[in-house]
Amino acid sequence: MPTGRSAWLIAGLAPAAILVAAVAPGLWITAPILAATVLLLVILDGWLAGSCRDWSVQAPEDAEIGQAISIKVAAAFSRTAPTGPIAALDFDPRLGGSGMAHVKLASSTSGGTYDGSVELHPERRGTASIIRAWLRWEGPFGLGARQIGFPVEKQIRIWPDLSPVRSRELQTFLRNSQTGIIARRIRGEGTQFEALSEYEPGMDRRRIDWKASARHNHLYARENESERDNQIVFAFDCGQAMCEPVDGMPRIDRAVSAALTCAYVALKSGDRAALFGFAQRPQVMTPFITDPRAFNRLQSSAAALDYSTAEPNFTLALATLTAKLRRRSLIVLFSDFTDATAAELMIESIERLVGKHLIVFVTIADSELGAFVEEEPSDIATLARSVTADTLAHQRSIVLQRLRRLGVDVIEAPWEQIGYRLIDRYLLAKNSEAIG
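Residues numbered from 1 in each chain as written. Predicted model: local features only at pLDDT ≥ 70, side-chain atom pairs only at ≥ 80, totals over all residues. Heavy atoms only, no water.

1. Thoughts on the packing of aromatic side chains
Okay, step 1: The full count for this structure, using the stated rule, is five aromatic pairs.
Okay, step 2: Between phenylalanine 278 and phenylalanine 314 the ring centres are 5.5 Å apart and the planes differ by 70 degrees, which places this aromatic pair in the edge-to-face class. One end of the pair, phenylalanine 278, is in strand 15 (residues 272-278); the other, phenylalanine 314, is in helix 8 (residues 314-324), with 36 residues separating them in the sequence.
Okay, step 3: Following the ring pairs from residue to residue traces out a cluster consisting of Phe276, Phe278 and Phe314.
Okay, step 4: Looking at arginine 396, its charged tip hangs above the ring of phenylalanine 337, at a distance of 5.3 Å from the centre. (Phe/Tyr/Trp six-rings, centres within 6.5 Å; stacked < 30°, edge-to-face > 60°. Helix = DSSP H or I, 4+ residues; strand = E, 2+ residues; numbered from the N terminus. Lys NZ or Arg CZ within 6 Å of the ring centre and 35° of its normal.)

What follows is the structure, given as structure tokens:
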């Protein structure tokens, strides 16, 4: 096929042909001769470009949403030095990049092959396909090029982001905390009596056992064993509001990452964790996982949470969840709301749970809304947007305040902080014996 250089060459010959026709009409034959010469050069250059002997597209079988993955393209040509080889990839938009990417190939040190790679950041969970690839390279003169296309049909499973679980900070915390990796009896908190110890300055005075102290004429403090086997349910609203992006990733995926981080800590602490997802109807309800080695089951179930454009049915979902819980549990609900009517239905459904379970409501702070409120009103449109954003922010604060008055623990924070804020609230509830 012709290249851009050949097109410019033909365009440059057009004025010369017009000039010949104006000055010496009898030499009109030179124009088609020049055109035929350029065409022959394009064909010759395309033939000199050689052919592609072999190709391959390498991609990982698994990826995590938001985390970079590398897709490598390699090709071997019949000519030892093809000019400007480039590859184009067509893939599922879940992988990012609007479903299309270009890869420049450079000479490899092994076997005279050419390879290159492109870095993608998956934007949604699920199974994504690399559908097709094209290779294009030019001849030595840059006038003719060859192009081939071939199907790829590679599948990449996109899982929830577990980078917070693997982070050095969390692993160090688990090793050093009282709920560490090694299963042992934990003293100091909880309701189950473990032993008496001499009271020392700095201890909590509420731990003093006054009866034992009176008998021994010395201050003694109770040491209790920390409670285990608490039930924690992470409930996800998969409706329209939670599928809106925040910093390039849907809110539901930010919530899943935070929930799995907290679930990992809970399993390491000897508690039980389960996932529950819903939109118009319940989607996923896992059994309670007790062994940290079965954490991958929670990850697989979280990957099955689907995206929905419908409004969530809180009444049906939370009633279904309540029917499945046989004892008091910690329910962590990840949700968001866009209007007062939807928020009212949500509050009514949550109110029915407060008496039986400990509820933590988690929502991601809307940084864009705050930016609109603080924007300098330079014109009427900006002023109107700022006033509207301020109204929405006020309505949002009213809803969250109503939840707090019901006894719901509310976490509203940027997405980078909700995972660690949730871990803090979980450990606080566990140590204060509020779950069991």
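Back to the text.
2. Topic: unusual backbone geometry
Okay, step 1: The residue glutamate 153 is not glycine, and still its phi comes out positive at about 55 degrees.
Okay, step 2: Despite not being glycine, aspartate 247 shows a phi value in the positive range, around 55 degrees.
Okay, step 3: With respect to the helices and strands, aspartate 247 occurs in the loop between strand 13 (245-246) and strand 14 (249-250).

3. Describing the pairing of strand 7 (residues 114-120)
Okay, step 1: Covered by surrounding structure in strand 7 are Tyr114, Gly116, Val118 and Leu120 only, the residues Asp115, Ser117 and Glu119 on the alternate face being uncovered.
Okay, step 2: Two strands pair when backbone bridges link them, and strand 3 (residues 69-77) and strand 7 are joined in this way by seven bridges, in the antiparallel orientation. For isoleucine 69, the partnering residue across the bridge sits in strand 7 and is leucine 120.
Okay, step 3: Here two bridges tie strand 6 (residues 106-107) to strand 7, and the two strands are oriented antiparallel to one another. Counted as the bridge partner of serine 107 is tyrosine 114 from strand 7. (Buried < 20%, exposed > 50% of the residue type's maximum accessible area, 1.4 Å probe, protein only. Pairing = 2+ DSSP bridges.)

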